[in-house]
Amino acid sequence: MKLDKLVMAIVQDEDAFHLIDLLNAKGFSVTKLASTGGFLRSGNTTFISGVPEERLPDFVNIIERKCRSRRQIASVNAMNSNNSEGFTPYPLEVTVGGANVFILNIEEFRKV
Ligand code: 2BA
């Protein structure tokens, strides 16, 4: 099978198991990595998958159907010039996801 595109999809942990079940059922090979968001510093899941070009729309469509956006409260540190502590945490509501999907061209794929 010719693999043309490398998909890296960062999804929320809550969506990961349903997503991998459906991708596998549709015949996609997927590697699942435990990852951490740099802003929220909480766990998320990164999928990497080599996909033939003609199957890319199907792959992305599955991600769109399975990954929901959610509101989350982040604790952000603000610089505080009024005290010696330096930083004061304050809550900030952010919308996370559905999914952040990077699609790269595969120059070469070998299974050895
Ligand atoms: P986090 O970095 O933990 O970001 C979680 C959510 O916080 C983001 O949701 C966004 O709504 C917000 N956010 C992130 N950085 C921010 C900032 N500097 N100021 C204000 N709000 C900020 P998403 O955009 O849906 O991102 C979800 C996760 O996807 C991220 O988790 C990160 O792990 C990954 N991600 C998103 N964009 C990326 C990129 N350009 N490169 C690499 N990873 C990315």
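Note that this is a predicted model, so its numbers are computed, not measured.

Undergrad: In this structure, what is going on with the nonpolar core? I would like to understand it.
TA: One broad rule of soluble globular proteins: the nonpolar side chains tend to lie buried together. Core analysis: the biggest nonpolar cluster contains 17 residues, and Val11, Leu19, Leu23, Phe28, Phe47 and Phe59 have the highest contact counts within it. At the level of elements, strand S1 (5-11), helix H1 (13-25), strand S3 (43-51) and helix H2 (56-66) are the ones that each hand at least two residues to this core. In terms of residue count, the dominant contributor to this core is H1 (five residues).

Undergrad: Which parts of the structure should I look at to understand H2?
TA: Structurally, the α-helix is built with 3.6 residues per turn, so residues lying three or four positions apart point the same way. Along H2, the residues classified as buried are Leu56, Phe59, Ile62 and Ile63. Along the axis of H2, the buried residues cluster in a sector spanning 130 degrees; they form a single face. Turned more than 90 degrees off the buried face of H2, the exposed positions are Pro57, Glu64 and Arg65. Among the structural elements, S1, H1, S3 and strand S6 (99-105) are those in contact with the buried residues of H2.

Undergrad: Sorry, what's going on with the pattern of salt bridges here?
TA: Once their charged atoms are close, side chains differing in charge can pair, the charge on each being opposite to the other. By the definition in use, this model includes six salt bridges. The residue lysine 2 makes a salt bridge to aspartate 4 at a minimum N-O spacing of 2.6 Å. Looking at lysine 2, the relative accessible area reads 61%, which means it is exposed. Arginine 70 is paired through a salt bridge with aspartate 15; the nearest N and O atoms lie 2.9 Å apart. Taken together, the positions of arginine 70 in strand S4 (residues 70-79) and aspartate 15 in helix H1 put the pair 55 residues apart, joining distant regions of the chain.

Undergrad: Can you walk me through the site of the ligand in this structure?
TA: All residues adjacent to the ligand are Ile10, Gly37, Gly38, Phe39, Leu40, Asn44, Val94, Thr95, Val96, Gly97, Asn100 and Phe102. At 2.8 Å from an oxygen atom of the ligand is found a main-chain nitrogen or oxygen belonging to leucine 40. Measuring from an oxygen atom of the ligand, one finds a side-chain N or O atom of asparagine 44 at 3.0 Å. When the free accessible area of the ligand is taken as 750 Å², the share hidden by the protein chains comes to 54%.

How each quantity is defined
Residues numbered from 1 in each chain as written. Predicted model: local features only at pLDDT ≥ 70, side-chain atom pairs only at ≥ 80, totals over all residues. Heavy atoms only, no water. Core = buried A, V, L, I, M, F, W, Y, C linked by side-chain atoms within 4.5 Å. Buried < 20%, exposed > 50% of the residue type's maximum accessible area, 1.4 Å probe, protein only. Helix = DSSP H or I, 4+ residues; strand = E, 2+ residues; numbered from the N terminus. Arc of directions from axis to C-beta. Contact = heavy atoms within 4.5 Å. Salt bridge = Lys/Arg side-chain N within 4 Å of Asp/Glu carboxyl O. Near = heavy atom within 4 Å. Polar contact = N/O pair within 3.5 Å; in protein donor to acceptor, adjacent residues only side chain to side chain. Areas by Shrake-Rupley, 256 points an atom, 1.4 Å probe, with all protein chains shown as cover.

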